[in-house]
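Residues per chain, in single letters:
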Amino acid sequence: MKYFSLVIPTLFLAVFLYALIKKVKLYDGFAEGVKEAAPLVLSLFPYLAAILILSELFERSGLSALVTGWLSPAFSFLGIPPEIAKLVLMKPFSGSGSTALLSEILHTYGADSYIGRCACCAYGSSETVFYISAVYFAGVRKKRMFTPIFVSLSANFIGVICACLFCRFM
Amino acid sequence: MGHILVLFRIKSSMNAIFAVVFTLAAAVFLFTDPDGFLPAMLSGGEKAALLSLDLLAVYCVWLGFFKILEKSGLADKIARLFSPLAKRIFRTDDREAIYCACGNLSANMLGLPGAPTPLGIKATKRFLDTGNDRAADLLFVLNATSLQLLPTTVIALRIAAGAENAMDILLPTLLSTLISTFAGFLLLKISHALRRKK
């Protein structure tokens, strides 16, 4: 962990020194890159807003709690403890929401409990699929977006089932 | 099997998901808590605005860095190094797409927050422009199944919650994320193969 913090500064230093040797104008080049930042964020914004408003509605309307309630028997059958069912369902929609939820679970059940460890692995092995799809396919009129989204959601779910299994003996 | 194929035919699935979830949620609000509806939407909008600001800050750093990487010629070297592998995975000869996709995947593995996204978007645009939809799908699935080697957020939260050994979830997380990425890769291949048969 200590050495990992060296990675980013080393990466920057190495690349910038190499660029200097290659006689790249660092100031102009860096600014040229940053120029793309605002248009990029602007192009993502509408899709981010739509997705985040939707997940907020999903959460606050109580739909998410309802769906969690329906699914938790199926989840326990697959070895996923009901305590983390909500986390598993929330992760595809919201990164910040699921981070808050993970922290809550860790404080309620303890970081070293089976539930706590399970929640950590489930969180770490899955991704915010809908958020990523909003970002990557922003403004793209792509047919059959269902396939990659469905595939990613299923793969993440398989990962969560495995995580809960591994946590039993690791 | 039939109903799965019907689902595959839904075009622009995000519109379908949005319509279903939005209508259901709005209906529930109407009957249980009509006053909570607008605040919920506004709070979503607020989150989007705050997140965009965060993203802007992160992209400033990484896009500047990537431009230096490009100008120094290192980006081209990286692309050349990975191109034999990338040609097989993504089936493309496009140098820029290869560099962007490889940079995206390595930034993902290192868990550099925010860094993978700009490169991933560039690579996706490039793939779609050249009609290589499958490569775009594959890159998305690789991103969306979390190839992260060091879950920094989880470790930080565990330390904050007073874990005795904050790192002991590394191995199970790594194994399950490898499995999920591999499962995503396989499922995508299967769905592409199914579509070719039709």
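Residues numbered from 1 in each chain as written. Chains lettered and ligands numbered in written order. Predicted model: local features only at pLDDT ≥ 70, side-chain atom pairs only at ≥ 80, totals over all residues.

**Observations regarding the overall build of chain A**
Looking only at helices and strands, chain A features 9 helices and 0 strands. For chain A, the α and β elements follow one another from N to C terminus as α-α-α-α-α-α-α-α-α. Against the globule reference of 15 Å for 170 residues, chain A gives a C-alpha radius of gyration of 20 Å, more extended than a compact globule. Dimensions of chain A, computed from the C-alpha atoms along their principal axes, are close to 60 × 45 × 25 Å. Relative to its full complement of 170 residues, chain A shows a buried share of 47%. Partitioning the intrachain contacts of chain A with sequence separation of at least 6 by distance along the chain shows that 63% fall at a separation of at least 24. (Helix = DSSP H or I, 4+ residues; strand = E, 2+ residues; numbered from the N terminus. Rg over C-alpha atoms; globule rule 2.2 N^0.38 Å. Buried ≥ 20, exposed ≤ 12 C-beta atoms within 10 Å, placed from the backbone. Contact = placed C-beta atoms within 7 Å.)

**Some words on the overall build of chain B**
Regarding its fold elements, chain B presents 9 helices and 0 strands. Helices (α) and strands (β) of chain B occur, in sequence order from the N terminus, as α-α-α-α-α-α-α-α-α. Among the 198 residues that make up chain B, the fraction classed as buried is 41%. Taking contacts inside chain B between residues at least 6 apart in sequence as the whole, the part at least 24 apart equals 56%.

**Details of the domain arrangement of chain A**
Per the domain assignment, the segments making up chain A are domain 1 (1-35) and domain 2 (37-169). Relative to domain 2 of chain A, the C-alpha centre of domain 1 of chain A lies at a distance of 34 Å. (Domains from an automatic or database assignment.)

**Describing the confidence of the model for chain A**
Looking at chain A, the pLDDT average stands at 87 and 95% of residues meet or exceed 70. Averaged pLDDT values over the elements of chain A bottom out at 85 in helix α8 (residues 129-136) of chain A and peak at 95 in helix α2 (residues 26-34) of chain A. (pLDDT = per-residue confidence, 0-100.)

**Examining unusual backbone geometry**
At A:K23, a position not held by glycine, the phi torsion is positive, near 60°. Considering the arrangement of structural elements, one finds A:K23 in the loop between α1 (7-21) and α2. A count of 8 C-beta atoms within 10 Å places A:K23 in the exposed class. Even without glycine at this site, B:R91 takes up a positive phi of about 50°.

**Side note on the interface of chain A and chain B**
Listed by partner, the interface residues are 77 residues for chain A and 79 residues for chain B. Those elements giving two or more residues to the side of chain A that touches chain B turn out to be α1, α2, α3 (37-60), α6 (95-109), α7 (114-125), α8 and α9 (146-169) of chain A. Looking at which element gives the most residues to the side of chain A that touches chain B, the answer is α3(A), with 16 residues. In terms of residue class, the side of chain A that touches chain B is built from 49 nonpolar, 17 polar and 11 charged. (Nonpolar A, V, L, I, M, F, W, Y, C, P; charged D, E, K, R; others polar.)

**Focus on the environment of A:S76**
All names here are of chain A. Positionally, S76 belongs in helix α4 (residues 63-77). With 66 residues separating them in the primary sequence, S76 and T10 have C-alpha atoms 45 Å apart. Excluding residues that lie within four positions of it along the chain, S76 makes contacts with P81 and P82.

**What about the confidence of the model for chain B?**
All names here are of chain B. Looking at chain B as a whole, its pLDDT mean stands at 85, while 93% of the residues score no less than 70. Element-level mean pLDDT values for chain B span from 41 in helix α1 (residues 2-9) up to 91 in helix α7 (residues 133-144). Here residues 1-11 scores under 50 on pLDDT; set against residues more than four positions off or in separate chains, the count is 8 contacts.

**Observations regarding the nonpolar core**
Across soluble globular proteins, you tend to see nonpolar side chains buried next to one another. Counting 102 residues, the largest nonpolar core has A:I84, A:L87, A:A119, A:A122, A:A163, B:A101 and B:L139 as the members making the most contacts within it. In this structure, this core is formed jointly by two domains, domain 1 (1-35) and domain 2 (37-169) of chain A, each of which donates at least three residues. (Core = buried A, V, L, I, M, F, W, Y, C linked by C-beta atoms within 7 Å.)

**Quick word on the environment of B:G44**
Looking at the secondary structure, you find B:G44 in helix α3 (residues 37-71). Each residue touching B:G44, except ones within four places of it in the same chain, is listed here: A:L52, A:I53, A:S55, A:E56 and A:L57.

**A few points about helix α4 (residues 74-90) of chain B**
Residue and element names in this part refer to chain B. The principal kink in α4, of about 60°, is found at S83, preceding the proline P84 by one to four residues. Those residues of α4 that sit buried are A75, A79, A86 and F90. Tucked into the core, α4 has its buried residues touching α3, α5 (95-110) and α7. Positive phi shows up at R91, right after α4, with a value of about 50°. (Bend = angle between axes of the 7 residues up to and from the residue.)

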